[in-house]
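Observations on the three-dimensional arrangement
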Amino acid sequence: MPFTMYLHRLNFILLFLFLGIPNLLNAQTFSVEKKMNGILIENYYFLADPNAKLNIKDVILSESFRPIKEKKSLGIEPGAIWLRIDFENSSDRPIEWILQVVYHQFDFVDFYSIHDLEIKKELHIGDHRLFEERLIPHGSNLYPAKISPKEKCRIFIRLAYEKEGRFNTALKIWTPKEFQNNSNFYHIFFAGSMIGVFTLVFINLFFYISTRTKAYIWYILYQLSIILMGCSFTGIGYYVIWKDWIWFTDLIPTLSPALVFMNAATFTISFLETKKFSSKIDLFLKLLAVLHILPICGAILGYKAFASDLVMFLSSFLVLYPFLGYYFWYKGKREARFYALAWTLWTTGMLTGLFRIAGKIESTFIFEVIPFLGVILEALFFSLALADRINIFQFEKEVAEKKYTQSLEKFNEDLSLKVEEKTKELQLKNQILASMNKDKDTFLSLIAHDLLGPVDSFKMATQMIQSNRKKVKLKDKKNFQKLLQSSAENIYSLLENLLEWAKSQKGIIVFSPKELKCREIAEKTIQLLRPNAQAKQIIIENNIKINLSLFADENLLTTIFRNLISNAIKFSIEGGKVIVGISKNSPKEITFFVQDNGVGVEKEKLKSLFEPGVNASERGTKGESGVGLGLQICKEFTELHGGRIWVESKLGKGSIFFFTIPKRTTSSG
C-alpha cells in the first residue's frame, strides 16, 4: 500500500477522533425497530450546499450541520442540501428497513451509509437519473438498508436540483413488509380513485354530447388536470407514464396545479353563470384564470422558484370557491348547493396536500389520503351538481313548455274571440252596408219617382205653352205659372234636403254656432213656406217670444224649422193650422215645437219615424211627395247641437214635433 494512502488514513482517523467522535456523542440517534410502519423521523441534521460543490468526504466530519426538528420544509433554494441521520439497532437480531424521502421531486438524491468512517453502501437516484437505477421501483426515492444487532450507523443524504427547487426534507422509515402493504394499499386506492374520476369524466362527456352544455367541457378538463396532478404528486406518473422524460418531470409539478386551478376558475364561471349574477365576480374569476398562465410560462422558461411560489399564492384563492357557491345558493341558484359542498371537500383535501408538500404539516398517512378523498367526494358532488342542473333545466323546460302551452291556448282562445268578434263586426257591417245599399236603392227609386212628377208637370206645362202660345188665355197662363212654380219649389225642396242629407252622411257639415234670435229664425222659414201654406189655405202662427235668444248654428236651425214646418203643411188638410212655439224654456235648453191638425201618424210608425226612408211613400194631403229625409236630417242636426227630437201624434187629429236646443252649445259630432 502506498505511503500516501497510509498517511491519508491516519489523518482521517485523527480528524474522526477529535471531531467525529464528539459529533457522534452529541447526535440524536433513531432506534430501528422490528416493525416500522412509515414512522416520521423527527430529529436529524442538515447542511446547506448552495453551490452543490461538496462531496461525501467533505461533509462526513463537518461541524456545520444544524438540527432539523419541526420544520421539514426549507423553502425554495438553489444547489443541494445534505442530511445526516444516526441509526442504531438495540435488538439482538438484524433488521432490514427502508428509508424514504417523502418529497419525490428532487432531481438528484444520493444515499451514503457510513460505518467506521467508511462508505459501506451508496445509492444514486432521483428524477434526473434513469429509473432503472432505483433498487425499489417506486415513485419515491427509497434506500433499502440492513443493520446488524447492537450496531450503529450514520446515513448521509444529498438532495439536489440542477438549478433550484423546493427542499422538503421529510423522511419516513419502514420495514419492508409494512412498506409493501402500504404501497399496495396506496396504489389500489389511487387506482380506484383515478378509475372513479375517469368514469365520471366519461359520464360527463356523454352528458355534454347530449346537452351541449359548456360547463361539462370545463369540468372534464378540470378532472383530467386533477388526474395529471395526482400522477405528479404521488410519483406514479414518473415511473409509469413519463418515465425518464426529464423536461416533463421538471415541468409537471408546476403545470398540473396551474391547470387545475385555471380549469376550476373557468368551470366556476360556466357552471354558476357568474356573468348573469355579478359582473364583478365574473371579471375576478376570469382574471384569476388568466393569471394561472404566468406560472406555466415561468416553469417552461426555467423560473422554477417564481412559478412554484406563484402557484402556491394563487392556490390560496381556492378558499373563496366554497363561499362563492354558498353565496350563489343564497341568491337563489339552486344547483350551487352541490357545487358549494364539492368545493368545501375539495378545498380541504387540496390545501391539505399542498401544505403537506410545502412542509407546513406532517406527511402522515391520514394527510396523504385526505387529498384523494377530497378529489373523489368533490368529483361525486360536482357530478351531482351537474345532474341536478339537468334536473333543474328539465323542470324549467317543463314549466316553460307548460307556460308556453297555456299562453298558446290563451292566444288561440283570444284569437278565436277576436275572430268571432271581428266576424260579428263584419257581419254587422255587412248588414249595415246591405241596409244602406237597400236604403240607397230605395232612395234612388223614390228620388227618381218623386222627381218624375214635378219634372213631368214642368215638361208638360212648358210644352203646352210652347205649342199653344197664341191660343193660351190669360187665366190659363196664370195656372201654368202656378204649376211651374209649384214644380220648381218641389224640385228645389227635394234637392235641398238631398244635399243636406248627403252632407250629414259625409260628415262635412260645418257647425258654426252663434247668438241667434229664435223668433227671427222661425219667421224667416215661415215666410219662405207661406206660399205653400196659402195654396192649401193653411194658417201658420209664430208664438215664439220676440226677445228670446240662444246659441246655435243658423243654417242647421233653419233647416230643422223648414223641414218640420214643411211637413206640417204637407200633412195638414186645407184650411188647417200650423203653430210654431216653445213648450219649455229652462236655464239650460229651449224646447221648440211645431204642431199641426193634420192626418196624424199611426202609433206603430212613431218609433221609426226618424229613420231614413220610412215615411218616403207617405204623400201629403194634396199628393205632395218626399223621400223621407227631412225628419232624419232634423234628428241629426238636433243632435249636432247636443239636443234631441221626438213626436207626439194621434191619427186623424194631428202631430206635435218637439226638439230641444241647448242655450250654450258646441258640436257633439
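One structure accompanies this document, and this report is about it. Everything numeric in this text was worked out from a predicted model, so none of it was measured. (Residues numbered from 1 in each chain as written. Predicted model: local features only at pLDDT ≥ 70, side-chain atom pairs only at ≥ 80, totals over all residues. Heavy atoms only, no water.)

1. So, the overall build of the protein
The helix and strand tally for the protein stands at 17 helices and 18 strands. Taking contacts inside the protein between residues at least 6 apart in sequence as the whole, the part at least 24 apart equals 75%. (Helix = DSSP H or I, 4+ residues; strand = E, 2+ residues; numbered from the N terminus. Contact = heavy atoms within 4.5 Å.)

2. Structural notes on the sheet that holds strand S13 (residues 539-542)
Pairing is mixed across the open sheet formed by five strands, whose spatial order is S13-S15-S16-S18-S17. The open sheet has two edge strands with one neighbour each: S13 and strand S17 (645-650). Strand-to-strand twist across the sheet, computed as the mean angle between neighbouring axes with direction ignored, equals 20°. This element, helix H15 (residues 518-535), spans S13, strand S15 (577-585) and strand S16 (589-596) of the sheet and lies at about 175° to S13. (Pairing = 2+ DSSP bridges. Axes fitted to C-alpha atoms, helices over the stretch in contact; angles between N-to-C directions.)

3. A word on the packing of aromatic side chains
Summed over all chains, the structure comprises 20 aromatic pairs. Both rings, one in Trp 174 and one in Phe 179, keep their centres 5.6 Å apart while their planes meet at 75°; by these two values the pair is edge-to-face. The exposure class of Trp 174 is buried, given its relative accessible area of 4%. When the centroid spacing of 5.5 Å and the interplanar angle of 85° are considered together, the rings of Phe 561 and Phe 592 count as edge-to-face. With a gap of 31 residues between them, Phe 561 in helix H16 (residues 554-570) and Phe 592 in strand S16 connect regions that are remote in the sequence. Accessibility expressed as a relative area gives 0% for Phe 561, which makes it buried. Judged by its relative accessible area of 0%, Phe 592 is buried. Taken together, the ring pairs in this structure connect Tyr 103, Phe 106, Tyr 161 and Phe 167 into an aromatic cluster. Sitting over the ring of Tyr 45, Arg 84 keeps its end group 4.6 Å from the ring centre. (Phe/Tyr/Trp six-rings, centres within 6.5 Å; stacked < 30°, edge-to-face > 60°. Buried < 20%, exposed > 50% of the residue type's maximum accessible area, 1.4 Å probe, protein only. Lys NZ or Arg CZ within 6 Å of the ring centre and 35° of its normal.)

4. What to know about the packing of helix H6 (residues 246-272) against helix H11 (residues 320-330)
Viewed as axis vectors pointing N to C, H6 and H11 meet at an angle of 5°, and their least axial separation amounts to 12 Å. On the basis of their axis angle, the class for H6 and H11 is roughly parallel. Of H11, the residues touching H6 (which contributes Phe 261, Ala 264, Ala 265, Thr 268 and Leu 272) are Tyr 321, Leu 324 and Phe 328. Grouping the amino acids of the contact of H6 with H11 by side-chain chemistry returns seven nonpolar, one polar and no charged. (Parallel < 35°, antiparallel > 145°, perpendicular 65-115°, else oblique. Nonpolar A, V, L, I, M, F, W, Y, C, P; charged D, E, K, R; others polar.)

5. Some points on the sheet that holds strand S2 (residues 37-40)
Strand order across the open sheet formed by four strands is S2-S11-S6-S9, with antiparallel pairing between neighbours. Only two strands of the sheet have a single neighbouring strand rather than two, namely S2 and strand S9 (141-147). On average, each strand axis in the sheet is tilted by 30° relative to the strand beside it, whichever way the strands run. When strand S6 (residues 95-101) meets S9, the two strands line up antiparallel, connected through seven bridges. Paired with Glu 96 across the bridge in S9 is Lys 146.

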